[in-house]
Amino acid sequence: MKVVSSAVGVQEISRRYRGNGLKIGLVPTMGWFHEGHLALMKEARNHADKVIVSLFVNPIQFGPSEDFDSYPHDLERDCKLAEEVGVDVLYAPNKELMYPDGFSTTVHIEGLASGLCGGDRPGHFDGVTTVVSKLFNQTLPHVAVFGEKDFQQLAVIRQLVRDLDFPIEIIGHPIVREKSGLAMSSRNSYLKKDEMTAAHSLSKGIASGRKLALEKKEVSVREIKKTVAGVILTHPECDIDYIEVVDQVTLQNCKYVTSDSMLVLAVTINKRIRLIDNSKIRNGR
Ligand code: PAF
């Protein structure tokens, strides 16, 4: 596996791959790999001849009181894991290379990026769409794979690609979960032992909402949200940032539960650890 830290370097490799008629798959990440990331890398391999993984903890998608400074980071560990699943290139630029003095462009998406996580984390999606646009231009992929845990992010990226004509196919990969049901996330590493039960309440809450929808054909959005919140709020460590039932494409709040409705939620544990999760309410996982 090649480890590259310059944009020119990775672009040169990509041009060479393209020149040889090879298809490139990109997996953008912020590192601290877990099984969820490795599943994205394997998925990229299913769609491409060469897999590039970018690893960059992107400062401009974190708010001032968020966890940028403490975000887990170990390049050596991540290189080993990426190599084990057959990644061809690990692209790990630094902050100065991505945002040199004088950098002044922001890619901003209206609508989709403003509610849910965008409402709680102002500027977050501007940071994501700006860095992902740069990563696309630097690595020149044919396909890019993103996890469905960040459901809103995936919708925003699809919009970005449509609006700015990036010739890239976007592939969503289903959430990878621990045996307990907890959605895998680099931020799970912040959880202390006694916070685990509270963290499990996200997937347990979702399961209870899905069960209700299965048992009751005419269930209302309000009932679903109340049931999910009931499970989560039995844990005093949990503050609910949002629980919503939204359309899977537009992310607009649903009036009724349909087969396209998604249950999406964000919960902060002990005021420190913000976790997100989602699921289709009916059908799906
Ligand atoms: O999902 C992430 O890890 C990040 O938001 C991404 C897409 C790598 C952009 O920094």
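Residues numbered from 1 in each chain as written. Predicted model: local features only at pLDDT ≥ 70, side-chain atom pairs only at ≥ 80, totals over all residues. Heavy atoms only, no water.

Considerations on helix α2 (residues 35-47)
(1) Moving on: Its 13 residues give α2 an end-to-end C-alpha distance of 19 Å, which sits within 8% of 18 Å, the value for a rise of 1.5 Å per residue.
(2) Moving on: Along α2, the residues classified as buried are Gly36, His37, Leu38, Ala39, Leu40, Met41, Glu43 and Ala44. (Helix = DSSP H or I, 4+ residues; strand = E, 2+ residues; numbered from the N terminus. Expected span 1.5 Å × (residues − 1). Buried < 20%, exposed > 50% of the residue type's maximum accessible area, 1.4 Å probe, protein only.)

Observations concerning the sheet that holds strand β2 (residues 24-29)
(1) Moving on: As summarised here, the arrangement of the six strands in space is β1-β4-β3-β2-β5-β6, forming an open sheet in which the pairing is parallel. On the outer flanks of this sheet lie β1 (2-4) and β6 (169-173), each paired with one strand and no other. Averaged over all adjacent pairs, the angle separating strand axes in this sheet is 25°, with direction ignored.
(2) Moving on: As judged from the two bridges shared by β2 and strand β5 (residues 143-147), these two strands associate in the parallel manner. The residue of β5 that forms the bridge with Gly25 is Val143.
(3) Moving on: Each of β2, β3 (50-55), β5 and β6 is contacted by α2, which is oriented at about 155° to β5, the strand it contacts most.
(4) Moving on: Helix-sheet contacts for helix α7 (residues 151-163) involve β5 and β6, and the interaxial angle to β6 is about 170°. (Pairing = 2+ DSSP bridges. Axes fitted to C-alpha atoms, helices over the stretch in contact; angles between N-to-C directions. Contact = heavy atoms within 4.5 Å.)

Some points on the site of the ligand
(1) Moving on: Taken together, the neighbourhood of the ligand is formed by Pro28, Thr29, Met30, Asn58, Gln61, Val131, Phe146 and Gln153.
(2) Moving on: Between Gln61 and the ligand, the recorded distance is 2.6 Å, taken from a side-chain N or O atom to an oxygen atom.
(3) Moving on: At 2.7 Å from an oxygen atom of the ligand is found a side-chain nitrogen or oxygen belonging to Gln153.
(4) Moving on: Out of a free accessible area of 290 Å², the ligand has 88% covered by protein chains.
(5) Moving on: For the shell around the ligand, the per-class residue count stands at four nonpolar, four polar and no charged. (Near = heavy atom within 4 Å. Polar contact = N/O pair within 3.5 Å; in protein donor to acceptor, adjacent residues only side chain to side chain. Areas by Shrake-Rupley, 256 points an atom, 1.4 Å probe, with all protein chains shown as cover. Nonpolar A, V, L, I, M, F, W, Y, C, P; charged D, E, K, R; others polar.)

Remarks on the packing of helix α6 (residues 124-139) against α7
(1) Moving on: Closest axis-to-axis distance for the α6/α7 pair is 11 Å, and the angle between their directions is 55°. On the basis of their axis angle, the class for α6 and α7 is oblique. Viewed along their axes, α6 and α7 form a crossing whose handedness is right-handed. Listed contacts from α7 to Phe125, Val128, Thr129, Val132, Ser133 and Phe136 of α6 are Gln152, Gln153, Val156, Ile157, Leu160 and Val161. (Parallel < 35°, antiparallel > 145°, perpendicular 65-115°, else oblique. Left-handed = near helix turned anticlockwise from the far one by under 90°.)

With respect to the nonpolar core
(1) Moving on: Counting residues in hydrophobic clusters, the biggest one holds 44 residues, and the most contacted among them are Val132, Phe136, Phe146, Ile157 and Ile170.
(2) Moving on: Top contributing element to this core by residue count: α7, with seven residues.
(3) Moving on: With sequence-adjacent residues up to four places away left out, Phe146 is seen in contact with Pro28, Leu40, Val132, Phe136, Gln153, Leu154, Ile157, Ile170, Ile171, Gly172 and His173.
(4) Moving on: By size, the runner-up hydrophobic cluster in this structure holds 31 residues, among which are Met30, Tyr71, Val245 and Leu275. (Core = buried A, V, L, I, M, F, W, Y, C linked by side-chain atoms within 4.5 Å.)

Quick word on the environment of Leu182
(1) Moving on: Locating Leu182 in the fold gives a position in the loop between β6 and α8 (196-215).
(2) Moving on: The sequence separation of Leu182 and Leu154 amounts to 28 residues, and the corresponding C-alpha distance is 20 Å.
(3) Moving on: Ignoring anything within four residues of it in the chain, the contact list for Leu182 reads Val176, Arg177, Asn188, Leu191, Met196, Ala199, His200, Ser203 and Leu275.

Looking at the pattern of salt bridges
(1) Moving on: Per the counting criterion, the structure on display carries 14 salt bridges.
(2) Moving on: With its nearest N and O atoms 2.9 Å apart, the salt bridge here joins Asp277 to Arg177. With Asp277 in strand β9 (residues 273-280) and Arg177 in the loop between β6 and α8, this residue pair connects regions lying 100 residues apart in the sequence.
(3) Moving on: When its relative accessible area of 3% is taken as the criterion, Asp277 is described as buried.
(4) Moving on: Taking the relative accessible area as the measure of exposure, Arg177 reaches 31% and is therefore partly exposed.
(5) Moving on: In this structure, a network of salt bridges that share partners links the residues Arg45, Lys50 and Asp88. (Salt bridge = Lys/Arg side-chain N within 4 Å of Asp/Glu carboxyl O.)

Regarding the sheet that holds strand β8 (residues 261-269)
(1) Moving on: As summarised here, the arrangement of the three strands in space is β7-β8-β9, forming an open sheet in which the pairing is antiparallel. What marks the edges here is a single partner per strand, and that holds for β7 (238-247) and β9. Taking the axes of each pair of neighbouring strands and ignoring which way they run, one obtains an average angle of 15° across the sheet.
(2) Moving on: Across the sheet, α8 lies against β7, β8 and β9, angled at about 20° from β9, the strand it touches most.
(3) Moving on: On top of the sheet, helix α9 (residues 221-232) reaches β7 and β8; it is set at about 155° to β7, its chief contact.

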